[in-house]
Amino acid sequence: NQLQTVPKELFFLPLKQLNLRSNNLMALPSEVGCAASLVELVLSENQLSALPSGMQELEQLEVLDLAKNQLTGELPWTATQWRGRKLKRLDVSQNRLTSL
């Protein structure tokens, strides 16, 4: 696909899984944190350079795949700030992060 944006309304649906892999996403709406039932979020192979801090509100999230993006520096949260204690898999490979 060639998606460049994600409609914020998508994050108000009762989704368990959302796969947006292999698009041209450069940013996510802050409403991503409203996807309360989301268990798996795949955002790999996009052009994301930053993440909204609201992602730490995803308390049911078990899988977060951010591989092969343009993330640099640090994630907008630290491991101790992450509210989703259910997180089992975090993939940030092939980015330019300097700290987790």
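Please refer to the structure higher up on the page.
Not measured: the values here are computed from a predicted model.

Definitions and limits used
Residues numbered from 1 in each chain as written. Predicted model: local features only at pLDDT ≥ 70, side-chain atom pairs only at ≥ 80, totals over all residues. Heavy atoms only, no water. Helix = DSSP H or I, 4+ residues; strand = E, 2+ residues; numbered from the N terminus. Rg over C-alpha atoms; globule rule 2.2 N^0.38 Å. Buried < 20%, exposed > 50% of the residue type's maximum accessible area, 1.4 Å probe, protein only. Contact = heavy atoms within 4.5 Å. Areas by Shrake-Rupley, 256 points an atom, 1.4 Å probe, with all protein chains shown as cover. Lys, Arg positive; Asp, Glu negative; His and termini not counted. Charge placed at Lys NZ, Arg CZ, Asp CG, Glu CD. Core = buried A, V, L, I, M, F, W, Y, C linked by side-chain atoms within 4.5 Å.

Colleague: Pulling in residues and values, what's your account of the overall build of the protein chain?
Modeller: A tally of regular secondary structure across the protein chain gives zero helices and six strands. In the protein chain, the order of α-helices and β-strands from amino to carboxyl end is β-β-β-β-β-β. On C-alpha atoms alone, the protein chain measures out to a radius of gyration of 12 Å, which is about the 13 Å that the 2.2 N^0.38 rule sets for 100 residues. Its C-alpha atoms give the protein chain principal-axis dimensions of roughly 35 × 30 × 20 Å. When the 100 residues of the protein chain are sorted by exposure, 39% land in the buried category. Pairs at least 24 apart in sequence give 41% of the contacts found in the protein chain among residues at least 6 apart. Looking at the protein chain as shown, the accessible area adds up to about 5,800 Å², and 49% of this sits on carbon and sulfur atoms. Averaging the coordinates of the 10 positive side-chain charges in the protein chain and doing the same for the 10 negative ones gives two points 3 Å apart.

Colleague: Residue-level account of the nonpolar core, with values.
Modeller: Judged by nonpolar contacts, the single largest core of 22 residues is most densely connected at Leu-28, Leu-41, Leu-43, Leu-51 and Met-55. Those residues in contact with Leu-51 that sit more than four places away from it in its chain are Leu-28, Leu-66, Leu-71, Leu-75, Pro-76 and Trp-77.

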